[in-house]
Amino acid sequence: MSGFTGTRQALLFALKRDRVIIPVWLVGLIGWMAMYVVSYSGLYGTQAELDALYKSVAGNPAVEAMSGPTGGLRSLGGAIAWDSTPALSIICAVYAMFSVIRHSRAEEEDARTDLLLASGAGRLAPLAAALIVTSIVLALAAIGFSLVLVIGGLAAAPSILLALGITGFALVIASTTAVFAQVTTKARAARGLVGVVIGVSWLMRAIGDTSGGTLTWLSPLGWVQETRAFWGDRWWPLLLMVLATAVTVRLSFWLLSRRDIGSGLIQPRPGPAHASASILHPLGFSFRIQRATILGWTAMLCVYGLAIGTIGDNIEGILESSSAFSEAFASLSSNLLDSYFASILTVIALLGAGFTISAVLRPAAEENRDRVALLLAEPLGKVRWVAGHVLIAWIASALMIAAAGLAIGIGLGLVSGDFSQAPTLFASGFVQAPAMWLTGSLALLLFGISSRLTPIAWGLLAVFVLIWTLASFGNLPDWVVDLSPFSHTPAAPAVSVSPEPLAVMTGIAVLLTAMGLFLWRRRDLA
Amino acid sequence: MSAVIEVSGLVKNFGQTRALDGLDLKVEKGQVHGFLGPNGSGKSTTIRILLGLIRASGGEALLFGEDPWRNAVGLHRRLAYVPGDVNLWPNLTGGETIDMLGSLRGGLDPKRKQELVERFELDLTKKAAAYSKGNRQKVALIAALATDAELFIFDEPTSGLDPLKEAVFQDCVREIIGRGDTILLSSHILRQLEHLADTFTIIRRGATVETGTLHDLRQIARSAGRDPDSMSLEDLFLSIYRQ
């Protein structure tokens, strides 16, 4: 009788529970990779087109901060690897996180693990099953990615390397999740911490890629791009992933074998017996339940801004040495650095729109967790409650992006000693807010129709990110570029801001929000 | 007497399924009205319509003579609700949750709240995530009982409560009635209902099967050829369902 007794049964049970989710995710992930193959093969069919792509983006620090080193862009495979690596690595990692938590801590939190262990399973079995079921899905994804790339006409070895790199990062996150699942007693908190790990991985490689590379090696996501599939084919970064996985898996089982079932390393502490005045108002209460998310996102975006600011001095040199950028950016403004900051602010706004969506959709999360009836059976109007959450989301989004702009200015000042840019960058942050509001209002419209439709909002944001990435190559038809609200935001601080597009976007956002609220007023609670 | 709740021919469709199919329910002021039916018969759906959380597909539901869908906020000032499965905000303590819910109707009487906390023996300083089922139920019960509502809608309010707290709840029900207020009580604990309720409505598959006092229900059972006087509510309920 070992701690692993019953792992096989637990695994079969986990596979049965996930019999719908797994195929859906696999089809989505592999289809996404196929989309890269098809669109790149279509857009960049000839070497001349690839050379043009390389010339237009290679070394562009804003693009590298978003998507990673551009050294491989001269080949079709390299271009696909470059564009697919960050998006697919992160989405696979998010899947791995949800999968491990779903079969370990979430089960424990709801006391279903007790049932399983009382029926004779070993205490390590549920976690082992969670890790195995996640690994199986990642292995299938790796096979699928490889097949899609090879069928697309790319060489087998680098295709397999790319597939293993992307899924290997997710495997590291899966085993890291297994550790965090031992730390907190709540699945939600564990997911939040792993989300921070994924975010920091992205951030460290973003900073590393624009400042010489040291930080890139501290990020597991950096290891994926450093395999350099299709432009060097280095296999040894995969070993780092195997090592990191082995260590974290071992750690998670060690922690699990030493703690009570249902407990964590961090135990919940008692809190106040009486509410402070701040939550005795509907808006104050809504802010309270959004507060942790707001602070987390603000911190993340500000750290990113600060980091970007501190490397601003180097960037200026890089930009000036490349004639392609000088031309591209000079058309916008006399100041290259301002153009660079404008496009970084767009990146931050695209990331921050993720916050806007989740904050606007907080009522949907409340609805799905069945807490709404308790609240709305009090004399609190449906519309007023949701409108309060929207208001918080809008204000927080605007302050957050402005704070990130200010952080760029402070970072720049710390290095150069000249803080005079900070107020301008702070104001330039606000210019990005209407596009974020508009994205959030689309989410609210979906919520007004039905809570079940709200995941589509994330798909829309993914499309906006894709449009931004492809638009920076200059290869998209104008009408496609125009579909994204972020394309209409004036490139402050590089250009003087014309208020019309901002007013129009804000107007549309208000209109869509009003429509969403109207539909919500008329629909049943789930 | 005036009807606090007046429901007639209520219909609710969820897509293809018909959850309520012409349900009738009448609750007079000052009554405890027992609302009975097997799982899935439409009790909670009826209550959600009465709260204005979902909209009736047909028929009429009136609270204090008003449409709860149209005037939810106004009516909610006059009622308090306890669901059978209380989900709370995991990061808030029980004390914070009660105060927050109370603030939405302008605040609770602190003395009354404190008295209820002591009677139900609830630890206000625990985070909701750490509460057992019974303790989550107590949070919603205290938040509702400390109000000065005229109508209390209880949907399986005591699920997970121990027998001592169950008795406390029954005392609270008597105090509400002593004040002249009204209760709609949906419960599967038929012994509890038999002691507390004045009138009953028994539903099946979204429609009312029987309604009346215990005496009325016994008359119905008599016509079915059984000796009713010795029958408990539980016997009556089972005999009506087995017909």
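The shown structure was predicted, so the numbers you read here are calculated from the model rather than taken from an experiment.

Q: Can you tell me about the overall build of chain B, naming the residues and giving the values?
A: On a plain count of helices and strands, chain B comes out with nine helices and nine strands. The C-alpha atoms of chain B give 18 Å as radius of gyration, which agrees with the globular expectation for 243 residues (18 Å, within 12%). Dimensions of chain B, computed from the C-alpha atoms along their principal axes, are close to 55 × 40 × 35 Å. Per-residue burial for chain B yields a buried fraction of 56% across its 243 residues. In chain B, 67% of the contacts between residues at least 6 apart in sequence involve partners at least 24 apart.

Q: So what's going on with the pattern of salt bridges? Residues and values would help.
A: Residue and element names in this part refer to chain B. One pass over the full model with this rule turns up 27 salt bridges over all chains. A salt bridge links arginine 18 to aspartate 21; its shortest N-O distance comes to 3.2 Å. Residue arginine 18 is classed as partly exposed on the basis of its relative accessible area, which comes to 46%.

Q: Explain the confidence of the model for chain B to me, using residue names and the numbers behind them.
A: Mean pLDDT over chain B works out to 92, with 98% of the residues at or above the 70 mark. Looking over chain B, one finds the lowest element-wise mean pLDDT in helix H8 (residues 214-223) of chain B, namely 81, and the highest in strand E7 (residues 182-186) of chain B, namely 97.

Q: Which residues make up the interface of chain A and chain B, and what values go with them?
A: The interface is formed by 35 residues belonging to chain A together with 37 residues belonging to chain B. When chain A packs against chain B, the two sides together hide about 3300 Å² of surface, and 60% of this comes from carbon and sulfur. For chain A, the biggest contributors to the area lost against chain B are Leu374(A), Glu378(A) and Pro379(A); these three give 20% of the whole. Between the two partners, chain A and chain B, sit three salt bridges. Taken together, chain A and chain B are joined by 19 residue pairs in polar contact (both at pLDDT 80 or more). Contributing elements (two or more residues each) for the side of chain A that touches chain B: helix H13 (282-310), helix H18 (372-376) and helix H23 (499-522) of chain A. Along the lines of polarity and charge, the residues of the side of chain A that touches chain B split into 18 nonpolar, four polar and 13 charged.

Q: A description of the packing of aromatic side chains should follow, citing residues and the corresponding values.
A: For the structure shown, the criterion picks out 16 aromatic pairs over all chains. Taking the centre distance of 5.7 Å and the plane angle of 45° together, the rings of Tyr340(A) and Phe341(A) count as tilted. As far as the burial class goes, Tyr340(A) and Phe341(A) line up, both buried. What links up through ring pairs into an aromatic cluster is the set Trp385(A), Phe447(A) and Trp520(A). The cationic tip of Lys382(A) hangs over the ring face of Trp520(A); the distance from NZ or CZ to the ring centre is 4.7 Å. When the ring centre of Trp69(B) is taken as reference, the NZ or CZ atom of Arg521(A) above it lies at 5.6 Å.

Q: Run through the domain arrangement of chain B, naming residues and quoting values.
A: Residues and elements named next belong to chain B. Segmenting chain B into domains produces domain 1 (3-78 + 149-242) and domain 2 (86-148). Here the C-alpha centroids of domain 1 and domain 2 sit 25 Å apart. Facing the 19 residues of domain 1 at the interface are 15 residues of domain 2. Contact between domain 1 and domain 2 buries roughly 1400 Å² in total, counting both sides, with carbon and sulfur atoms accounting for 58%.

Q: Which residues make up the sheet that holds strand E3 (residues 32-36) of chain B, and what are the values?
A: All names here are of chain B. Taking strand neighbours across the sheet as the criterion, the six strands line up as E5-E6-E7-E3-E8-E9 in an open arrangement whose pairing is mixed. Only two strands of the sheet have a single partner each, and these edge strands are strand E5 (79-82) and strand E9 (207-213). Mean inter-strand twist for the sheet, computed between neighbouring axes without regard to direction, equals 15°. Where E3 meets E7, four bridges bridge the pair, whose relative direction is parallel. Within E7, the position partnered with histidine 33 by the bridge is leucine 184. Set on the sheet, helix H6 (residues 163-178) makes contact with E3, strand E6 (151-155) and E7; between it and E7 the angle comes to about 145°.

Q: Tell me what's going on with the packing of helix H9 (residues 156-183) of chain A against helix H10 (residues 187-209) of chain A, and back it up with residues and numbers.
A: Residues and elements named next belong to chain A. Contact pair H9 / H10: the axes reach a minimum separation of 9 Å and the direction vectors enclose 145°. Seen from above, H9 lies across H10 with right-handed handedness. In this structure, H9 uses Phe169, Ile173, Thr176, Thr177, Phe180 and Ala181 to contact H10, whose residues at the interface are Ala190, Leu193, Val194, Val197, Ile198 and Ser201. A class-by-class count of the residues in the contact of H9 with H10 yields nine nonpolar, three polar and no charged.

Q: A description of helix H8 (residues 125-151) of chain A should follow, citing residues and the corresponding values.
A: Along its 27 residues, H8(A) runs 39 Å from first to last C-alpha, staying within 8% of the 39 Å computed at 1.5 Å per residue. One or two residues past the end of H8(A) sits Gly153(A), with phi positive at roughly 95°.

Q: Break down the sheet that holds strand E4 (residues 58-63) of chain B for me, with residues and values.
A: Residues and elements named next belong to chain B. Pairing in this open sheet of three strands is antiparallel, and the strands run E2-E1-E4 from one edge to the other. Each of the sheet's edge strands pairs with one partner strand only, and the pair in question is strand E2 (17-28) and E4. In this sheet, neighbouring strand axes are inclined to one another by 15° on average, regardless of whether the strands run parallel or antiparallel. Examined bridge by bridge, strand E1 (residues 3-14) and E2 share nine bridges and lie antiparallel to one another. The residue of E2 that forms the bridge with phenylalanine 14 is threonine 17.

Q: Before we move on, could you go through the nonpolar core and cite the residues and values that matter?
A: Within the largest apolar cluster, 227 residues are counted, with the highest numbers of intra-cluster contacts made by Tyr304(A), Ile5(B), Phe120(B) and Phe154(B). Of all the elements, helix H16 (residues 336-360) of chain A adds the most residues to this core, at 14 residues. Beyond its immediate chain neighbours, meaning those up to four positions away, Ile5(B) contacts Leu25(B), Lys26(B), Val27(B), Leu50(B), Leu62(B), Leu63(B), Leu151(B) and Leu184(B).

Q: An account of the pairing of E6(B) is requested, with residue identities and associated values reported.
A: Residues and elements named next belong to chain B. For E6, the tally of buried residues reaches five of five residues, placing the bulk of the element in the interior. Side chains Leu151, Ile153 and Asp155 of E6 all project onto a buried face; the interleaved residues Phe152 and Phe154 project onto the opposite face, where all are buried too. In this sheet, E6 lies alongside E5 in parallel orientation, the contact comprising four bridges. Note that in E6 the partner of alanine 80 across the bridge is phenylalanine 152. Strand direction decides the pairing type here: E6 and E7, joined by five bridges, are parallel. The partner of aspartate 155 across the bridge, within E7, is serine 186. You can see the chain leave E6, run along H6 and come back into E7, and the turn it takes is right-handed.

Q: Account for the side chain of Ser252(A), with residues named and values stated.
A: For Ser252(A), the location among the structural elements is in helix H12 (residues 237-257). For Ser252(A), the contacting residues outside a window of four places in its chain are Leu127(A), Ala178(A), Val179(A) and Gln182(A).

Q: Just give me the short version of a nonpolar patch on the surface, but keep the residues and values in it.
A: Together, Ile132(A), Ile136(A), Leu140(A), Ile143(A), Leu147(A) and Ile151(A) make up an exposed nonpolar region whose accessible area comes to about 550 Å². For Ile151(A), the location among the structural elements is in helix H8.

Q: Please set out the packing of helix H5 (residues 76-103) of chain A against H9(A) residue by residue, giving values where relevant.
A: All names here are of chain A. Remark: H5 packs on H9, axes separated minimally by 8 Å, with the N-to-C direction vectors making an angle of 30°. Classified by the angle between their axes, H5 and H9 sit roughly parallel to one another. Relative to H9, H5 is oriented so that their crossing is right-handed. Only Leu162, Ile166, Phe169, Ala170, Ile173, Ala174, Thr177, Ala178 and Ala181 of H9 make contact with H5, whose side of the interface consists of Ala81, Ser84, Thr85, Leu88, Ser89, Ile90, Cys92, Ala93, Ala96, Met97, Val100 and Ile101. Split into classes, the residues belonging to the contact of H5 with H9 amount to 17 nonpolar, four polar and no charged.

About the thresholds
Throughout this description, residue numbers start from 1 for each chain and increase along the sequence as written. Written order determines the labels here, with chains lettered from A and ligands numbered from 1. A pLDDT threshold of at least 70 governs which residues receive local features in this predicted model, and a stricter bar of 80 or more applies before side-chain atom pairs are shown or counted, although totals over entire chains, interfaces and linings include all residues. With hydrogens and water stripped out, all remaining heavy atoms of the structure feed into the side-chain values. Elements are defined by DSSP. Helices are runs of H or I of four residues or more, strands are runs of E of two residues or more, and each kind is numbered from the N terminus. Computation of the radius of gyration draws on C-alpha atoms, with the globule rule given as 2.2 Å multiplied by the number of residues to the power 0.38. Per-residue accessibility, obtained with a 1.4 Å probe over protein chains only, is compared with the maximum for each type, and a residue is labelled buried under 20%, exposed over 50%, and partly exposed between these values. In what follows, residue pairs with any heavy atoms lying within 4.5 Å of each other are defined as contacts. Salt bridges are counted wherever a side-chain nitrogen of Lys or Arg sits within 4 Å of a carboxyl oxygen of Asp or Glu. Residue-level confidence of the predictor is summarised by pLDDT, bounded by 0 at the bottom and 100 at the top. Two parts lose some accessible area (1.4 Å probe) when they are put together, and adding that loss for both gives the buried area. Here a polar contact is taken to be a pair of N or O atoms separated by no more than 3.5 Å, where protein atoms must pair a possible hydrogen donor with a possible acceptor and residues adjacent in sequence count only if both atoms sit in side chains. Classes in brief: Ala, Val, Leu, Ile, Met, Phe, Trp, Tyr, Cys and Pro nonpolar; Asp, Glu, Lys and Arg charged; the others, Gly included, polar. In summary, the pairing rule links any two rings of Phe, Tyr or Trp, Trp by its six-membered ring, whose centres are within 6.5 Å, and it sorts them by plane angle into stacked for under 30 degrees, edge-to-face for over 60 and tilted for everything else. Ring-over charges, as used throughout, are those where CZ of Arg or NZ of Lys falls within 6 Å of the ring centre and within 35 degrees of the ring normal. The source of the domain bounds is an automatic or database domain assignment. Here, any two strands with at least 2 DSSP bridges between them count as paired. Here, axes are lines fitted to C-alpha atoms. For helices the fit covers the stretch in contact, and angles between N-to-C directions go from 0 to 180 degrees. Here a crossing is taken to be left-handed if its near helix is turned anticlockwise relative to the far helix by less than a right angle, and right-handed if that turn runs clockwise. A helix is expected to span 1.5 Å multiplied by its residue count minus one. Throughout, nonpolar core names a set of buried Ala, Val, Leu, Ile, Met, Phe, Trp, Tyr and Cys residues whose side chains join them through atoms within 4.5 Å. With its strands directed away from the observer, a crossover is right-handed exactly when the path from the first strand over the helix to the second travels clockwise. Exposure above 30% relative accessible area and the absence of a salt bridge qualify a residue for a patch, where like charges join within 9 Å and nonpolar side chains (Val, Leu, Ile, Met, Phe, Trp, Tyr) within 5 Å. Every accessible area reported is derived by Shrake-Rupley at a probe size of 1.4 Å, with residue values counting cover from the shown protein chains alone. If an angle is under 35 degrees, it is roughly parallel; if it is over 145, roughly antiparallel; if it lies from 65 to 115, roughly perpendicular; otherwise it is oblique.

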